[in-house]
Amino acid sequence: MADVTVQQLADNIGTPVDRLLKQMAEAGLKHASADDAVTDSEKQTLLTYLKTSHGAKAGEPNKITLKRKVTTQLKAGGGGKGKTVNIEVRKKRTYMKRDATGEATAPPAEAKREDQLQREEEQRKLEEAQQRVQEEKRLAEEAAKRKAEEARQKEKTPAESAEPVQTITDPADLPDPDAEAKRARHKPKKSADEEAEERRKAKKPKPAASGKQDRGKGNRHQQIMGLMDDDGGSGRRRPKRKKSTGQREHQFQQPTAPLVREVKLGENINVQDLAHQMSVKPAEVVKILFKMGVMATINQVLDQDTAILVTEEMGHRYVTVSDNAMEEDLNASITYLGDKTARAPVVTVMGHVDHGKTSLLDYIRRTKVAAGESGGITQHIGAYHVETDHGMVTFLDTPGHEAFTAMRARGAQSTDVVILVVAADDGVMPQTEEAIQHAKAGGVPIVVAVNKMDKEGADPERVTSELAAKQVVPEEWGGDTQFIKVSAHTGEGIDALIDAVLLQSEILELTAYAEGPAKGVVIESKLDKGRGAVSTLLVQNGRLKQGDIVLAGDATGRVRALLDEAGKSIEEAGPSIPVEILGLDGTPEAGEEFVVVESDKQAREVAEHRRDRAREQELAKQQAAKLDNLFAGMGKGESTALNIVLKADVRGSLEALQAQLAGLGNEEVRVNVVSGGVGGISESDANLAVTANAVILGFNVRATGQAREIIEKNGLDLRYYNVIYDLLDDIKSALSGMLSPELREEIVGLAEVRDVFNSPKFGQVAGCMVIEGTVHRNKKIRVLRDEVVIYEGELESLRRFKDDVQDVRQGMECGIGVRNYKDVKAGDKIEVFDVKEFARTIE
């Protein structure tokens, strides 16, 4: 043990320093101040002095006492009512220290007395247990004898058994002769420690007036602490910690002021997220919104202004954050090294349907693409890059049908030059005007290709005049647009057209980063049964390689395969090169921007963020529509919906079909696209159609075997299409059949009342002359007076002379009885009419 100072020793044993110094001086130790060191030998000297001053002998203890407790069980009684008594026997043995000769020193008188008392106590407990067992056995035997005696008495005198007889069936109900002993037995048993403490207190002699006791156990500090008392220089005990009598108090303290939290608000936030940031229940936020006059639920999406008002109303601070923070960080992480280099132009071929766009491109590519399109019309964007004698050019072939407006708009946004194809024998058509609008909206220069010059009815001057009226003025007329006369069949003017495109691209000075992470736009995407999600991308900057991690819209994935437009595998693709990639986990929307990111984790986080934003915006739109239309439909008949499950081969075709179907219908009937997707018709699509009672339409896709089984079992209507005209015509016919027919009235006869007669059998009868058409008995009539309708109803009777007839023709007289009307006068006219139904159609 290390040496300590007098001050530290006094603190350990709980005594004042001056008192400890006094005792150390009496023990012969030379310590004068609290900073003096105290060694172990000096502590032993002080301890010896204190023990001798209290009457104890110096030296170590010369005996050890061991105690042992043994519990046994004693069973009393027989049968199932026997009792078990626990008997506890305590034994104590004292070992004395032997002297140098090996003989044990004689135990002191106190130890002998303790052993004698222990043996007497054990003997007394054993005798009490035996007495209890014998007493319970005797009581059980007496009870059994009484029961047997009562049974014999009942058999001898049955009449006396009606009298109440007090029967003791339980030994516990017998009078106890020794109540004190019984109460002592039923007292709760004390623990071994409590009984030992009681015996120690009973045998221990009372301390003297000075309070000195023999304390020779424990370490040196405990012995010194026990021997010291408060007077006579004997020190004092350390005060014991008081036990807590009440419940333990928790450490949480209620805040005295309301907590003000900082709430981050984006453009949209729902009620649940807002309540979570303020650490309140959503019901509290809904209550505040109700007070503000806003009906909301826990999933209600709030705009930023409303969320700010709610936050301030509840006493919290707000911080507006941008929802595009993650997008901005993503854009900032994309960096390119080096300078930009020249790139090939991206040319989009646009124009009216059947004006020869694909045929023109086909001649340039020296392939036959138009033959593979359904109905000979392009139904999705085709992307190709062509090596010509004048350099490389990338072409995007867009559909010309009116349904593909959105696809043409995307083609104009992702291109450098637009080739506007106009047929020389047809002139400017609606989709031609639309293509001009898209090109001007995107700020893209136009090169006009006047096609079909090989036909006899070609009139290029007409085309030039019509385009000039649409603000597309040729260079010959002082404008800035090049007009090239071409023929896709003979190849006339094709070289001149390519030269014009390259000249226009040189004027634009097109450049891009040739190295670095790829970035571009999604041209098309589809779901292939064997390959999964297939996306057509147009690289605009950087270089796309196999193995890159691509983020396109809310779809992510690693590029597993990189294919050119011919289906050949390539290792990488630079700027202005269209490619097909495999490996995305979904089909991104056509027109979405794609980018190569560093890690898969970053791509998944951004994709999840985009999905959440799209979901919130969709919920906000739905909620707004519900609130806006809450009272709009009151007083109107409910419209009938034609439910449709629509599947298409590519995303662009799906969007075009959905847009066209949404525009069909009127106030009575409409089209409801229950589900739309890319890929084949699956089993889940068929089950959804069963639930929604929908028609399944497949555009260039087919149903799986399991889906066909469900469709046949439930009698669903499944139709396949490969031309958009046919699909739209069939839907229009179906909607027309759902329309209620149009009711038209046709006047079939007119009779003039000449006189009125009263018949006792038929009541009032009007004598009439048929002046127009034929009067029928089973048709509706109107009564006219001064050319004003005064009654509308049915005929009661129609008679000619005395015979009932079904009709009376013009120029004949008849008697007419009007049902439930008795105010017919001479000069009135009776008009007979018929109601016919006419089918209606959707325009």
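Residues numbered from 1 in each chain as written. Predicted model: local features only at pLDDT ≥ 70, side-chain atom pairs only at ≥ 80, totals over all residues. Heavy atoms only, no water.

In terms of helices and strands, the protein carries 21 helices and 36 strands. Split into buried and exposed, the 843 residues of the protein put 37% on the buried side. Within the protein, contacts between residues at least 6 apart in sequence are counted, and of these 68% link residues at least 24 apart. For the protein, the exposed surface amounts to about 50000 Å²; the carbon and sulfur share of it is 48%. (Helix = DSSP H or I, 4+ residues; strand = E, 2+ residues; numbered from the N terminus. Buried < 20%, exposed > 50% of the residue type's maximum accessible area, 1.4 Å probe, protein only. Contact = heavy atoms within 4.5 Å. Areas by Shrake-Rupley, 256 points an atom, 1.4 Å probe, with all protein chains shown as cover.)

On to the environment of His276. The topology assignment puts His276 in helix H8 (residues 271-278). Judged by relative accessible area, His276 falls into the exposed class, the value being 67%. Spatially, the C-alpha atom of His276 lies 9.5 Å from that of Val263, the residues being 13 residues apart in sequence.

Considering all chains together, one arrives at 29 salt bridges under this definition. The residue Arg138 makes a salt bridge to Glu142 at a minimum N-O spacing of 2.8 Å. Here the residue Arg138 and the residue Glu142 both occupy positions in helix H4 (residues 109-156), the gap between them amounting to four residues, near one helical turn. Residue Lys455 is joined to Asp425 by a salt bridge in which the shortest nitrogen-to-oxygen separation is 3.6 Å. Placement of the pair is Lys455 in the loop between strand E14 (446-451) and helix H15 (460-469) and Asp425 in the loop between strand E13 (417-423) and helix H14 (430-441), with a sequence separation of 30 residues. Within this structure, Glu745, Arg782, Glu792 and Glu831 form a network of salt bridges that share partners. (Salt bridge = Lys/Arg side-chain N within 4 Å of Asp/Glu carboxyl O.)

Think of a sheet as strands paired side by side through backbone hydrogen bonds, with each pair either parallel or antiparallel. With antiparallel pairing, six strands are arranged side by side around a closed barrel as E17-E18-E23-E21-E20-E24. Neighbouring strand axes in the sheet, compared pairwise and without regard to direction, differ in orientation by 45° on average. The sheet contact formed by strand E20 (residues 549-552) and strand E24 (residues 593-597) spans four bridges and is antiparallel. Note that in E24 the partner of Ile549 across the bridge is Val597. (Pairing = 2+ DSSP bridges. Axes fitted to C-alpha atoms, helices over the stretch in contact; angles between N-to-C directions.)

Two elements, strand E31 (residues 780-785) and strand E32 (residues 788-800), share six bridges in a ladder whose sense is antiparallel. Residue Arg785 lies in a different strand from E32, and its bridge partner there is Val788. Looking at chain direction, E32 and strand E35 (residues 813-818) are connected through four bridges and run antiparallel. Residue pairing across strands places Ser797 opposite Gly817, the latter belonging to E35. Where E32 lies against strand E33 (residues 803-804), two bridges are found, and the strand directions are antiparallel. Residue pairing across strands places Arg800 opposite Asp803, the latter belonging to E33. The turn linking E32 back onto E33 is made up of two residues, and Phe801 within it adopts a positive phi angle of 60°.

On to the nonpolar core, then. Val347, Leu360, Phe395, Ile419, Ala449, Val486 and Leu497 are the most contacted members of the largest nonpolar core, which totals 23 residues. Looking at this core, the elements that each hand over two or more residues are strand E10 (346-351), helix H12 (357-365), strand E11 (382-388), strand E12 (391-397), E13, E14 and helix H16 (494-508). Apart from the residues lying within four places of it in its own chain, the contact partners of Val486 are Leu360, Ala449, Val450, Asn451, Lys452, Met453, Glu492, Gly493, Ile494 and Leu497. Of all hydrophobic cores here, the second largest spans 22 residues; its members include Leu642, Leu646, Leu657 and Ile842. (Core = buried A, V, L, I, M, F, W, Y, C linked by side-chain atoms within 4.5 Å.)

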